[in-house]
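Read off the chains here:
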Amino acid sequence: MSVLIYIDHSEAQIKKSSLEAICYGAALARQLGTGAEAILLGTVNEDLAALGKYGVTRIYQVAGEALQHLDSGLFTKVLAEAVPATGAKVVVFSNNMNGKALAPRLAARLKAGFVSGAVALPDTASGFSVKKSVFSGKAFAHISLKTDIKIISLNPNSFPLTTGEGKAEIAPLNIAVGAPKVKVVSATQSTGQVPLTEAELVVSGGRGLKGPENWGMVEELAKLLGAATACSRPVADAHWRPHNEHVGQTGIAIAPNLYIAIGISGAIQHLAGVNRSKTIVVINKDPEAPFFKAADYGIVGDAFEVVPKMIEAVKKLKGIV
Amino acid sequence: MKILVCISKTPDTTAKIAFTDNNTKFAGDGVQWIINPYDEWYALVRAIELKEKDPATVIHLVTVGLADTEPIIRKALALGGDEAIRVNGENADPFYIASQLAEVARQGGYDLVFTGKETIDYNGSAIGGMLAELLDMPYISLAAKFDLNGSVATIVREIEGGEETDEVNLPVVVSCQKGMAEQRIPNMKGIMGARSKPLKVLEPVAIAPLTSIASFELPPAKAGVKLVSADNPAELIRLLHEEAKVF
């Protein structure tokens, strides 16, 4: 009857979005009057027992060299054995890059009802329905699941991290791991930067910045705030910024606590990727820019004058003179 | 080399999102329908590029939908592809769709199955993974690059804050996103030619959906923007710090 949370990792580090999934799974277990446990495939360089503070009592671990890199087929076979072995009825993933590959696969194998991109705890008052983001953030749907086993993947930055007391018990699970079919040749990660999908604060620039040479102030503001940088589609298409910074309907969708849009008009396709942000700030010299309608705070003004002053103010606030 | 490209019909990116029947149905009347951009711009165009390199390649398109999906199938055929298959079923749920696609894929014996990374309406990113499982094939999701060398595919996929390069033997299921290819506009020859390309209609296999949509809701309206004078950006920083408490 328990809730089982999948712990995703890369480079032997647990993903922050998996911690959110643990908190979500633990809250769901409390709501259902059952226990929350987690499962890790592979090994990490972290104190697993300490994850107990997020609300899980036990962490199942399946060891195997082949489990350090995702092969969704191989991982699915392992999880399909683990789920009945642990007695779990609800499995929670983060809807992050690996979760998007793995969760639907497992759902198909177990014939489990699946909701991806959940943004809130399930409504279990009568039945079991989960609120998810649809139409690229422009609406929500409540999906009912009627299967015995249910799988939910939680959108990153949709559930708060809360910690309490407690240590989790580590329980090795003995499951035979097959041979991988996917060979990982290389992986590159921009080091020292906050991954955009995990970032709580994001500073984003658009065509109003006129050229790639003007991104210095965007980067400086982002660095001072500990924010990730992003951009609009025309900027990525013009190769002013890398494609992985493009947020919007056809780029990536994000839901940070703060989104600062500088020189972005706010076309509907851009809004689709950012409108789940909790606070939106728009800096644009055009008072008619549609983005102001979706914003919480705004300044109508020239970014080249406003942003340096914002940087000064943040420096003052942080005591950096 | 046989490629199956899965396409889906979605409302245009600028369509007004509204619901009817007590918020249980998308208000589709008067909406412009398009091929899901990820399916069209990335999955289909990359398949066409592979065929341009190796003309012996055969591309089949497949969609699950009623007769009203045929205009977008013809549009896809105008871009490229040799023939199309429409499974005459409704969009019941992701497992239902994936099961129908799996049936078509099994019959056709494809080396490569492309999907978009997600549809822009339901944002499920579920079909590719489910399909791969039902076909017992490897699955690479969120692919930004795809190259083929004999029967070995080299695929770059997005990971948090970076990318990973994978090698996998065919057959494989790949979900495609930005980077795979560039959007194309169909030309007149393509549009004329599409009319005579075969479009087969198959009846769906009996599959019980595992989920259903209970209702939709729109997000609450924003309270309205609080404007700060351009002369005083420090006030904006103060508000963000003290009122919004975001840093």
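Conventions used here
Residues numbered from 1 in each chain as written. Chains lettered and ligands numbered in written order. Predicted model: local features only at pLDDT ≥ 70, side-chain atom pairs only at ≥ 80, totals over all residues. Heavy atoms only, no water. Buried < 20%, exposed > 50% of the residue type's maximum accessible area, 1.4 Å probe, protein only. Helix = DSSP H or I, 4+ residues; strand = E, 2+ residues; numbered from the N terminus. Core = buried A, V, L, I, M, F, W, Y, C linked by side-chain atoms within 4.5 Å. Contact = heavy atoms within 4.5 Å. Buried area = accessible area lost by both parts, 1.4 Å probe. Salt bridge = Lys/Arg side-chain N within 4 Å of Asp/Glu carboxyl O. 1 Å grid on protein atoms, 1.4 Å probe; cavity = no way out; pocket = protein on both sides within 12 Å on 5 of 7 lines; lining within 4 Å. Points joined across faces, edges and corners; volume = space filled by probe spheres on them. Nonpolar A, V, L, I, M, F, W, Y, C, P; charged D, E, K, R; others polar. Domains from an automatic or database assignment.

### Observations regarding helix α4 (residues 127-135) of chain B
Residues and elements named next belong to chain B.
Turning to step 1, where the next piece is worked out: For α4, the tally of buried residues reaches 7 of 9 residues, placing the bulk of the element in the interior.
Turning to step 2, where the next piece is worked out: Of all the positions in α4, only G128, G129, M130, L131, A132, E133 and L135 are classed as buried.
Turning to step 3, where the next piece is worked out: Positive backbone phi, approximately 55 degrees, marks D136, located one or two places after α4.

### What about the nonpolar core?
Generally speaking, nonpolar side chains in soluble globular proteins are found buried as a group.
Turning to step 1, where the next piece is worked out: Of all hydrophobic cores here, the largest spans 56 residues; its most connected members are A:I39, A:L41, A:F93 and A:I151.
Turning to step 2, where the next piece is worked out: No other element matches the 8 residues that helix α3 (residues 94-108) of chain B contributes to this core.
Turning to step 3, where the next piece is worked out: Beyond its immediate chain neighbours, meaning those up to four positions away, A:I39 contacts A:L4, A:I5, A:Y6, A:I7, A:Y60, A:V62, A:L79, A:A82 and A:L173.
Turning to step 4, where the next piece is worked out: Within the second largest apolar cluster, 44 residues are counted, among which are A:A26, A:A27, A:Y54 and B:F19.

### Side note on the interface of chain A and chain B
Often the size quoted for an interface is simply the accessible area lost on bringing the parts together.
Turning to step 1, where the next piece is worked out: Residue-level contacts link 87 residues of chain A with 75 residues of chain B.
Turning to step 2, where the next piece is worked out: Summing the contributions of chain A and of chain B, the shared interface buries around 6,900 Å²; its carbon and sulfur component is 58%.
Turning to step 3, where the next piece is worked out: Sorting the residues of chain A by area buried against chain B places A:R105, A:F135 and A:Y297 first, and these three jointly supply 12% of that buried surface.
Turning to step 4, where the next piece is worked out: One can count 8 salt bridges joining chain A with chain B.
Turning to step 5, where the next piece is worked out: As a salt-bridge pair, A:K15 and B:E160 come within 3.0 Å of each other at their nearest N and O atoms.

### Quick look at the layout of surface pockets
Turning to step 1, where the next piece is worked out: Looking at the second largest pocket, its volume works out to about 860 Å³.
Turning to step 2, where the next piece is worked out: In this structure, the second largest pocket is lined by 28 residues; those nearest its centre are A:G137, A:K138, A:N275, B:P219 and B:P220.
Turning to step 3, where the next piece is worked out: When contributions to the lining of the second largest pocket are tallied by element, the ones reaching two or more residues are α6 (268-274) and α7 (291-294) of chain A.
Turning to step 4, where the next piece is worked out: Among the elements that make up the lining of the second largest pocket, the one with the highest residue count is α6(A) (3 residues).
Turning to step 5, where the next piece is worked out: A per-class count over the lining of the second largest pocket returns 15 nonpolar, 5 polar and 8 charged.
Turning to step 6, where the next piece is worked out: Taken together, domain 1 (2-172) and domain 2 (196-317) of chain A each give at least three residues to the lining of the second largest pocket, which thus spans both.

### What about the pattern of salt bridges?
Turning to step 1, where the next piece is worked out: Applying the stated criterion across every chain yields a total of 34 salt bridges over all chains.
Turning to step 2, where the next piece is worked out: One salt bridge in this structure joins B:E103 and B:R106, with 3.2 Å as the shortest N-O distance. Within this pair, B:E103 and its partner B:R106 are both found in helix α3, separated by 3 residues, close to a single helical turn.
Turning to step 3, where the next piece is worked out: For B:E103, a relative accessible area of 26% corresponds to the partly exposed category.
Turning to step 4, where the next piece is worked out: Residue classification places B:R106 among the partly exposed positions, given a relative accessible area of 47%.
Turning to step 5, where the next piece is worked out: Look at the salt bridges and you will find they share partners, linking A:D8, A:K15 and B:E160 into a network.

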